[in-house]
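This is what each chain is made of:
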Amino acid sequence: MRIVDARVIVTCPGRNFVTLKIVTDEGVTGVGDATLNGRELAVASYLRDHVVPLLIGRDPARIEDTWQYLYQGAYWRRGPVTMSAIAAVDTALWDIKGKVANLPVYQLLGGRSRDGVTVYGHANGETVEDVLVEVARYVDLGYRAIRVQCGVPGLPRTYGVSADKLFYEPADAALPSEATWSTARYLAHVPTVFARVRDEFGPTLRLLHDVHHRLSPIEAARLGKSLEPHALTWMEDPVPAELPEGFRLIRQHTTTPVAVGEVFNTIWDAAQLIREQLIDYIRTTVVHAGGITHLRRIFDLAALHHVRSGSHGATDLSPVCMAAALHLDLAIPNFGLQEYMRHTDATDEVFPHGYRYADGYLHPAETPGLGVDIDEEAAARYPYAPAYLPVNRLEDGTVHPW
Ligand code: CS2
Ligand code: MG
């Protein structure tokens, strides 16, 4: 079997997605997500101009060899653009291998280690009252884990808090919008929100919170301590992840678990945090970390150090990425949680998929391969539209330095 075509499809059914579709001479096809929020066209060009010509004529069964060829062959290592492009190829090749073997991809990864993939949803609101309504909505839907984000009094707008429910779109403008940040207001407010949620919903519902890299290590340590009475499952991205040793300070002060890694691209980004047991959950996912092949390597390293998976699953990761993530989540021994932000109906129409939600779990499709595809005719109806993530400034106008 040989690869005869590879198409890069850019579509915007409510938000931008980049998808690679690999076609073989025997008519078997595979899909891979290549979406990099706010920088989509860079990956599309990397694929079209520098990767697709190298794929034509290759044997699609050689997944590891193709990964090494693209990674080592580029000479320029790592980075989100390169690794998202490699991820798309890798994911599409796993899809093809599953179809050829007539097995769902999780069977090729060792089979299921659990009955379903526990997911968490996003309860967010401007006020604590709004947040309580949203948490109740997720409890009613059967969710076993819920991320809680609340507006901060005195700040006009908070990242991660939106008027949309069940999903939201953080890339909100054709040129970046701006938000204002105050660490003092934030640190004063967040523990009061979790106190109310615990009062209302009891001690055992799994609760999470995303700090979006806004604090310094000592500030994050204080937040972690102040949240200890509310027993969070994790505090996410408390500080920027470029400085792994900064996490030592957080660890010295708090038992609130830490989750990190949605912006990581390789095992080397995560290695020190994992080896020193500075985190509890690694959040890297398929599309931004070199595909199923490389993400499995990260999860295996994590398993040696008592770190669980907690993959990113926001709306900018397409249903193709979600399908791939679910197969891996189902198979690995050290699965923790999977983020699940639902997509819009338009996105679901462009990406027909067989994974399904039931009673707090996601279940991958049982069909051969990943169980997801792209409807190219539907995709063509939604042309690319520039959209960027917001920029944060402090109250005095400084661009937030970390
Ligand atoms: C967030 C995302 O889901 C999360 O944990 O951090 O909203 C993230 O900011 C976006 O996916 C960025 O593209
Ligand atoms: Mg996050």
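Scoring rules and cut-offs
Residues numbered from 1 in each chain as written. Chains lettered and ligands numbered in written order. Predicted model: local features only at pLDDT ≥ 70, side-chain atom pairs only at ≥ 80, totals over all residues. Heavy atoms only, no water. Helix = DSSP H or I, 4+ residues; strand = E, 2+ residues; numbered from the N terminus. Expected span 1.5 Å × (residues − 1). Buried < 20%, exposed > 50% of the residue type's maximum accessible area, 1.4 Å probe, protein only. Polar contact = N/O pair within 3.5 Å; in protein donor to acceptor, adjacent residues only side chain to side chain. Salt bridge = Lys/Arg side-chain N within 4 Å of Asp/Glu carboxyl O. Donors = N, O, S within 2.8 Å, 3.2 Å for Na, K, Ca; no water. UniProt positions renumbered as here; feature names shortened; annotations may be inferred. Near = heavy atom within 4 Å. Areas by Shrake-Rupley, 256 points an atom, 1.4 Å probe, with all protein chains shown as cover. Nonpolar A, V, L, I, M, F, W, Y, C, P; charged D, E, K, R; others polar. Core = buried A, V, L, I, M, F, W, Y, C linked by side-chain atoms within 4.5 Å. Domains from an automatic or database assignment. Contact = heavy atoms within 4.5 Å. Buried area = accessible area lost by both parts, 1.4 Å probe. Pairing = 2+ DSSP bridges. Axes fitted to C-alpha atoms, helices over the stretch in contact; angles between N-to-C directions.

**Focus on helix α11 (residues 319–331)**
Part 1: End to end, α11 covers 19 Å across 13 residues, agreeing with the expected 18 Å (1.5 Å per residue, within 8%).
Part 2: Most of α11 sits inside the fold, with 13 of its 13 residues counted as buried.
Part 3: Among the residues of α11, the N-terminal cap falls to serine 318, whose side-chain oxygen and the backbone nitrogen of valine 320 are separated by 3.0 Å.

**Description of the pattern of salt bridges**
Part 1: If you walk through the whole model with that rule in mind, you get 24 salt bridges.
Part 2: One salt bridge connects aspartate 65 with arginine 58, and the closest N-O pair in it is separated by 3.0 Å.
Part 3: For aspartate 65, a relative accessible area of 32% corresponds to the partly exposed category.
Part 4: Via salt bridges that share partners, Glu236, Glu262, Arg283 and Glu339 belong to a single interconnected network.

**Section: the coordination of the magnesium ion (ligand 2)**
Part 1: Distances from the magnesium ion (ligand 2) to its protein donors, Asp210 (OD), Glu236 (OE) and Glu262 (OE), fall within 2.0 to 2.2 Å.
Part 2: When the donor residues of the magnesium ion (ligand 2) are listed from N- to C-terminus, their spacing reads D-x25-E-x25-E. Taken as a pair, glutamate 236 in strand β8 (residues 234–236) and glutamate 262 in the loop between β9 (258–260) and α9 (267–275) lie far apart in primary sequence, 26 residues in all. We note that glutamate 236, like glutamate 262, is buried.

**Side note on the UniProt feature "domain: Mandelate racemase/muconate lactonizing enzyme C-terminal" (unreviewed entry) in the protein**
Part 1: Listed under "domain: Mandelate racemase/muconate lactonizing enzyme C-terminal" (unreviewed entry) in the UniProt record, and renumbered for this structure, are residues 129–257.
Part 2: Counted over residues 129–257, helix gives 39% and strand 14%. Its end C-alpha atoms are 26 Å apart.

**Focus on the site of ligand 1**
Part 1: The environment of ligand 1 is made up of 15 residues, and the closest members are Asn37, Tyr159, Glu262, Asp316 and Glu339.
Part 2: One of the side-chain N or O atoms of tyrosine 159 is found 2.6 Å from an oxygen atom in ligand 1.
Part 3: For ligand 1, whose unbound accessible area comes to 340 Å², protein coverage reaches 93%.
Part 4: Of the residues belonging to the shell around ligand 1, the class tally is four nonpolar, four polar and seven charged.

**Remarks on the nonpolar core**
Part 1: With 113 residues, the main nonpolar core has Ile22 and Leu47 as its most contacted residues.
Part 2: Two domains each donate at least three residues to this core, and these are domain 1 (3–104) and domain 2 (108–366).
Part 3: Ignoring sequence-local partners within four residues, the contact set of leucine 47 consists of Val8, Leu20, Ala34, Val52, Pro53, Ala85, Ala88 and Val89.
Part 4: Of all hydrophobic cores here, the second largest spans seven residues; its members include Tyr120, Leu208, Trp234 and Ala259.

**Section: the domain arrangement of the protein**
Part 1: Structurally, the protein comprises domain 1 (3–104) and domain 2 (108–366).
Part 2: The C-alpha centroid of domain 2 is placed 26 Å from the C-alpha centroid of domain 1.
Part 3: Each side of the interface is counted separately: domain 1 has 32 residues, and domain 2 has 35 residues.
Part 4: Contact with domain 2 buries surface across domain 1, with Asp33, Trp94 and Pro104 losing the most and accounting together for 23% of the total.
Part 5: On inspection of domain 1 and its partner domain 2, the count reaches three salt bridges.
Part 6: Close ionic contact of glutamate 169 with arginine 15 constitutes a salt bridge, the shortest N to O distance being 2.8 Å.
Part 7: Taken together, the connections running from domain 1 to domain 2 amount to twelve residue pairs in polar contact (both at pLDDT 80 or more).
Part 8: Breaking the side of domain 1 that touches domain 2 down by element, the ones donating at least two residues are β2 (17–24), β3 (29–33), α2 (63–74) and α3 (80–101).
Part 9: Ranked by the residues each element gives to the side of domain 1 that touches domain 2, the list is headed by α3, at eleven residues.

**Concerning the sheet that holds β3**
The strands that make up a sheet are held in pairs by hydrogen bonds between backbone atoms, and each pair lies either parallel or antiparallel.
Part 1: One open sheet accounts for three strands, arranged β1-β2-β3; its pairing is antiparallel. Each edge of the sheet is formed by a strand with only one pairing partner; in this case those strands are β1 (3–11) and β3. Shown here is a sheet whose adjacent strand axes are inclined to one another by a mean of 20°, direction ignored.
Part 2: Most of the contacts of α3 go to β3, to which it runs at about 145°, and overall it touches β1, β2 and β3.

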